[in-house]
Amino acid sequence: MAQSQSSTRTIPDIASVPRHIAIIMDGNGRWAKQRFLPRVMGHQRGVEALREVVKSCRELGVEYLTVFAFSSENWRRPAEEVSFLMSLFLKMLEREVAKLHENNIRLKIIGDRGRFDDKLMQAMQHAEQLTADNVGLTLTIAANYGGRWDVMHAVQAMLREHPQLAQGFAEEDLSPYLSMSDAPEPDLFIRTGGEQRISNFMLWQLAYTELYFTDVLWPAFGREDLDAAIASYQKRERRFGRTSEQLPGKQSPDGQGKANDHGAGFQK
Ligand code: IPE
Ligand code: IPE
Ligand code: MG
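Rules behind the numbers
- Residues numbered from 1 in each chain as written.
- Chains lettered and ligands numbered in written order.
- Predicted model: local features only at pLDDT ≥ 70, side-chain atom pairs only at ≥ 80, totals over all residues.
- Heavy atoms only, no water.
- Axes fitted to C-alpha atoms, helices over the stretch in contact; angles between N-to-C directions.
- Helix = DSSP H or I, 4+ residues; strand = E, 2+ residues; numbered from the N terminus.
- Parallel < 35°, antiparallel > 145°, perpendicular 65-115°, else oblique.
- Left-handed = near helix turned anticlockwise from the far one by under 90°.
- Contact = heavy atoms within 4.5 Å.
- Nonpolar A, V, L, I, M, F, W, Y, C, P; charged D, E, K, R; others polar.
- Pairing = 2+ DSSP bridges.

Peer 1: Please provide a residue-by-residue account of the packing of helix α2 (residues 39–60) against helix α3 (residues 79–102), values included.
Peer 2: One can describe the packing of α2 onto α3 by two numbers: an axis separation of 11 Å at closest approach and a directional angle of 25°. If you check the angle between α2 and α3, you find them roughly parallel. Between α2 and α3 the crossing geometry is right-handed. Touching R39, V40, H43, Q44, V47, R51 and V54 of α2 are E81, F84, L85, L88, M92, E96, K99 and L100, all from α3. Along the lines of polarity and charge, the residues of the contact of α2 with α3 split into eight nonpolar, two polar and five charged.

What follows is the structure in structure tokens.
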């Protein structure tokens, strides 16, 4: 099952391209402001930056790209900006889906859809159905998504199906109900726009992800910035709780450093 490939349990080959990249695309408003443009122009240019990054990820052989497009907290923004973002999202789905499909890209949307209007919900469903069998790259867009919502929603869904688990349950019981249950956990997290925070993105799944922050504003983020993030990732040492000596290829001659392959956390 896909969950067993969770990167918390298996140490990925650091020299290779990350299998799963998660991005908080931040800085659209500031990009526009610097140019004396309305904030929404930044969002518009942000879609172009995303198109470019999707193309690069496909070329590089990244398997999963997950991007934060609209947080459950972003409803707090001025009504005009929210409605611009909603229409941009709809336009993007209508215009780009055929091209994504041609390129063998699977599109998924995570988040609480209940608050979107019918037209947008239908476009989301159509895009997911059309691209469901594609295997080139899985592009997941987080919209009206929050990491806490994800965990709460998963617990509720799990208990609805298995009321007896109210007595106690394990990570493995919960994980199939989380939004990203069919993907390995992100290897590399990128946040553009200079802020160094998670802003309620994938709280559960980022437990052991390598974090990368850049001041580049999202609309200006391009291939060379993605390459720099990946190069930084490839210099990291992912230990998942183990010591450096226990990592593959680093065993000491007396075998002291031998890795024990139990998962993260306590085993019953
Ligand atoms: C990120 O850019 C896009 C969304 C949150 C939709 P921002 O709009 O947050 O840009 P800044 O942070 O104000 O520059
Ligand atoms: C996070 O960006 C959400 C998205 C990029 C969609 P924000 O700009 O909304 O984050 P905060 O509020 O500054 O933390
Ligand atoms: Mg922001």
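Resuming the write-up.
Peer 1: Describe in detail the sheet that holds strand β1 (residues 20–24), supporting the description with residues and values.
Peer 2: On the basis of which strands lie adjacent, the open sheet formed by six strands has the order β3-β4-β2-β1-β5-β6 and parallel pairing. On the outer flanks of this sheet lie β3 (105–110) and β6 (210–213), each paired with one strand and no other. Direction aside, neighbouring strands of the sheet carry axes that sit 20° apart on average. In this sheet, strand β4 (residues 137–145) lies alongside β3 in parallel orientation, the contact comprising six bridges. Following the sheet pairing, I109 is matched in β4 by I141.

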